[in-house]
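Summary of structural features
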Amino acid sequence: DLLDPERLIQCPFVKQHQIRACRFPYHLVKCKESNPEIAKKLATCPFNARHLVPRGDLSDHIMKCSDQALMEQDVVSGCCEPPQEQVKDGSTWQAPPCDEDWETEVSEIPKSTFVW
């Protein structure tokens, strides 16, 4: 199951590493730091940062990447845009009332002569 957080995923840096899906992003960061020479040879997929492929295979991967369909679906459906009524009316957030009165505070401070 692709959504199972316990499923094992093979590390692109060290093939012997089998990482649980829920820990995979953290492992990628650590393993990339530990293997800088291998990291230089890999490229990151623009649709899913968990996809690390050899640089020469990136264009082929992009053409076949299953996450590309999800990205295109989001663009077509406009899921990332706020509802139109909210765009027209602006934000509904209002700042809480302010209890500070700086002019009064300044006038209450006793005036003293500064001596060096």
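Because the structure is predicted, anything quoted here is derived from the model rather than measured. Note on numbering: residues in each chain are counted from 1, in written sequence order. Given that the model is predicted, a residue must reach a pLDDT of at least 70 before its local features are reported, and side-chain atom pairs must reach 80 or more before they are shown or counted; all residues, however, enter totals for whole chains, interfaces and linings. No hydrogens and no water enter the side-chain calculation; it runs on all heavy atoms of the structure.

On to the overall build of the protein chain. Strands here are runs of E lasting at least two residues and helices are runs of H or I lasting at least four, both read from the DSSP assignment and numbered beginning at the N terminus. Looking only at helices and strands, the protein chain has six helices and four strands in total. In what follows, a contact means two residues having at least one pair of non-hydrogen atoms within 4.5 Å. Pairs at least 24 apart in sequence give 14% of the contacts found in the protein chain among residues at least 6 apart. Here the protein chain displays about 10,100 Å² of accessible surface, and carbon together with sulfur accounts for 57% of that area. A 1.4 Å probe and the Shrake-Rupley method give the accessible areas. Residues count as covered only by the protein chains that appear here.

Attention shifts here to helix α1 (residues 24-34). Throughout, exposure labels follow a simple rule: accessible area from a 1.4 Å probe, protein chains only, divided by the maximum for the residue type, with under 20% read as buried, over 50% as exposed, and the rest as partly exposed. Within the span of α1, buried status applies to F24, H27, L28 and C31. Along the axis of α1, the buried residues cluster in a sector spanning 105°; they form a single face. In α1, those exposed residues whose orientation departs by more than 90 degrees from the buried face are Y26, K30 and E33. Where α1 is buried, its residues touch β1 (8-10), β2 (18-20) and β4 (52-54). Think of it as the arc spanned by the lines of direction from the helix axis to the C-beta atoms.

The next thing to look at is the side chain of H61. Examined against the element boundaries, H61 turns out to sit in helix α3 (residues 58-64). We classify H61 as buried; its relative accessible area is 18%. Here H51 takes part through its side chain, which lies 3.2 Å from a polar atom of the side chain of H61. Within 3.5 Å is the distance limit for a polar contact, defined as a pair of N or O atoms, with the added protein rule that one can donate a hydrogen and the other accept it, and that residues adjacent in sequence qualify only through two side-chain atoms.

Here the focus is the environment of L3. Among the secondary structure elements, L3 is positioned in the segment before β1. Through-space distance from the C-alpha of L3 to that of C22 is 9.6 Å; in sequence the pair is 19 residues apart.

When the charged atoms of two side chains lie near each other, side chains of opposite charge can form a pair. Here a salt bridge means any side-chain nitrogen of Lys or Arg lying within 4 Å of a carboxyl oxygen belonging to Asp or Glu. The final tally for this structure, using the stated rule, is three salt bridges. Measuring nitrogen to oxygen at the nearest pair gives 3.5 Å for the salt bridge that ties D60 to K64. Taken as a pair, D60 and K64 lie in helix α3 at a separation of four residues, close to a single helical turn.

Our next topic: the nonpolar core. One recurring pattern in soluble globular proteins: nonpolar side chains tend to sit buried together. In plain words, nonpolar cores are sets of buried Ala, Val, Leu, Ile, Met, Phe, Trp, Tyr and Cys residues tied together by side-chain atoms within 4.5 Å. I9, C11, F13, V14, I19, A21, F24, L28, C31, A39, L42 and L52 form the largest nonpolar core, which has 12 residues in total. Among the elements that take part in this core, α1 stands out by supplying three residues, more than any other. The contact partners of F24, leaving out residues within four places of it in the chain, are I9, Q10, C11, P12, I19 and R50.

Attention shifts here to the UniProt feature "domain: CHHC U11-48K-type" (unreviewed entry) in the protein chain. Here the UniProt feature "domain: CHHC U11-48K-type" (unreviewed entry) sits at residues 8-35 and 42-69. The straight-line gap between the two end C-alpha atoms of residues 8-35 is 21 Å; of that span, 39% is helix and 21% is strand. Its end C-alpha atoms 23 Å apart, residues 42-69 is made of 39% helix and 21% strand. UniProt positions are given in the numbering used here, feature names are shortened, and annotations may be inferred rather than shown by experiment.

Within the element layout of this structure, D67 appears in helix α4 (residues 66-77). One polar contact links D67 to N48, side chain to side chain, over a distance of 2.6 Å. Excluding residues that lie within four positions of it along the chain, D67 makes contacts with F47, N48 and H51.

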